[in-house]
Amino acid sequence: MIAPIVTNPEDIPVLFVEAWNLRRADYIADLFEENADFVNVVGIWWDNREAIRKAHDYGLTVIFKNSLLKLGKVKVKYLSEDIAVIHARMQLSGQSDLDGKAGTRNNMFLFVTRKQSKGWFCVSAQNTDIVIGAETHIKREDGTLQAVDYRDRNQ
């Protein structure tokens, strides 16, 4: 089975989710240009297709081996005929937990895509956890991050 050619930029998040749920890191990597960038939820930065493939191969066999990724709202903004930015809400369940069952996470993906002769490819992607009820993080003295909301304190 060969990864499909992406004919529309809005197909990138659809195909990313399909590849994730099939545990196909190679299909995920095929969505990216050779020198693409990917930043994950904790700020780890991979700066080429092979690094993106290796990271997702590890993740899909260890951290996310029983996970299910679901696609939510997708918004495409064309910057030109051959460049588009895609925001995509996703929901992740079934992540491996060190002490039991991990809860469901909500994420916001950002894909920057470019049209080439062989279809649309992702130039850069970033995955961010959505923390409901929080505006930002505070870094504690022990190095941990705590989600916080300042809105109630400023009234």
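Computed from a predicted structure; not experimentally measured.

Basis of the calculations
- Residues numbered from 1 in each chain as written.
- Predicted model: local features only at pLDDT ≥ 70, side-chain atom pairs only at ≥ 80, totals over all residues.
- Heavy atoms only, no water.
- Helix = DSSP H or I, 4+ residues; strand = E, 2+ residues; numbered from the N terminus.
- Buried < 20%, exposed > 50% of the residue type's maximum accessible area, 1.4 Å probe, protein only.
- Contact = heavy atoms within 4.5 Å.
- Phe/Tyr/Trp six-rings, centres within 6.5 Å; stacked < 30°, edge-to-face > 60°.
- Expected span 1.5 Å × (residues − 1).
- Salt bridge = Lys/Arg side-chain N within 4 Å of Asp/Glu carboxyl O.
- Core = buried A, V, L, I, M, F, W, Y, C linked by side-chain atoms within 4.5 Å.
- Pairing = 2+ DSSP bridges.
- Patch = residues over 30% accessible without salt bridge, like charges linked within 9 Å, V, L, I, M, F, W, Y side chains within 5 Å.
- Areas by Shrake-Rupley, 256 points an atom, 1.4 Å probe, with all protein chains shown as cover.
- Lys, Arg positive; Asp, Glu negative; His and termini not counted.
- Charge placed at Lys NZ, Arg CZ, Asp CG, Glu CD.

Caption draft 1: Structural detail: the environment of Glu81. Positionally, Glu81 belongs in the loop between strand E3 (68-80) and strand E4 (83-93). By relative accessible area, which is 76% here, Glu81 ends up exposed. C-alpha of Glu81 to C-alpha of His137: the two residues are 56 residues apart in sequence and 37 Å apart in space. With residues up to four places along the chain from it excluded, the contact list for Glu81 reads Lys115 and Trp120.

Caption draft 2: Representation of the packing of aromatic side chains in the model. If you walk through the whole model with that rule in mind, you get 10 aromatic pairs. When the ring of Phe109 is compared with that of Phe111, the centres are 5.4 Å apart and the planes differ by 10°; the resulting orientation is stacked. Exposure remark for Phe109: the relative accessible area of 3% places this residue in the buried category. Judged by relative accessible area, Phe111 falls into the buried class, the value being 0%. Chaining the aromatic ring pairs together yields one cluster made of Phe16, Trp20, Phe32, Phe38, Trp46, Phe64, Phe109 and Phe111.

Caption draft 3: Representation of helix H1 (residues 11-22) within the structure. Look at H1: 16 Å from first C-alpha to last across 12 residues, which is about the 16 Å you get at 1.5 Å a residue. For H1, the full list of buried residues reads Ile12, Pro13, Leu15, Phe16, Val17, Ala19 and Trp20. Within two residues after H1, Arg23 carries a phi angle of roughly 60°, on the positive side.

Caption draft 4: Spotlight on the pattern of salt bridges. The full count for this structure, using the stated rule, is seven salt bridges. Of the charged contacts in the structure, one is a salt bridge between Asp26 and Arg24, with a shortest N-O distance of 2.5 Å. The salt bridge involving Asp129 is made with Arg105; its shortest N-O contact spans 3.1 Å. Of this pair, Asp129 sits in strand E6 (residues 119-129) while Arg105 sits in strand E5 (residues 105-116), and the two are 24 residues apart along the sequence. Three or more residues joined by partner-sharing salt bridges are found here, namely Glu135, Asp149 and Arg151.

Caption draft 5: Looking closely at the nonpolar core. Counting residues in each nonpolar core, the largest one holds 30 residues, and the members touching the most others are Phe16, Trp20, Ile28, Phe32, Phe38, Met90 and Phe111. When residues of this core are traced back to their parent elements, those giving at least two are H1, helix H2 (25-30), strand E1 (32-39), helix H3 (49-63), E4, E5 and E6. If you tally residues by element for this core, the top one is H1, at six residues. Setting aside residues up to four positions removed in sequence, Phe38 forms contacts with Phe16, Phe32, Ile44, Trp45, Trp46, Ile52, His56, Phe109 and Ala125.

Caption draft 6: Highlighting the pairing of strand E8 (residues 145-148). Bridge analysis of strand E7 (residues 136-139) against E8 gives four bridges, and the strand direction is antiparallel. If you follow Lys139 over to E8, its bridge partner there is Leu145. Counting the residues between successive antiparallel strands, the hairpin from E7 to E8 contains five residues, one of them, Gly143, with a positive phi of roughly 95°.

Caption draft 7: Focus on unusual backbone geometry. The phi torsion at Arg23 lies on the positive side, around 60°, for a residue other than glycine. Along the polypeptide, Arg23 turns up in the loop between H1 and H2.

Caption draft 8: A look at a positive patch on the surface. A contiguous patch of positive charge on the surface is contributed by Lys73, Lys75, Lys77 and Arg89. At three residues, the largest contribution of residues to the positive patch is made by E3. Its location among the elements puts Lys73 in strand E3.

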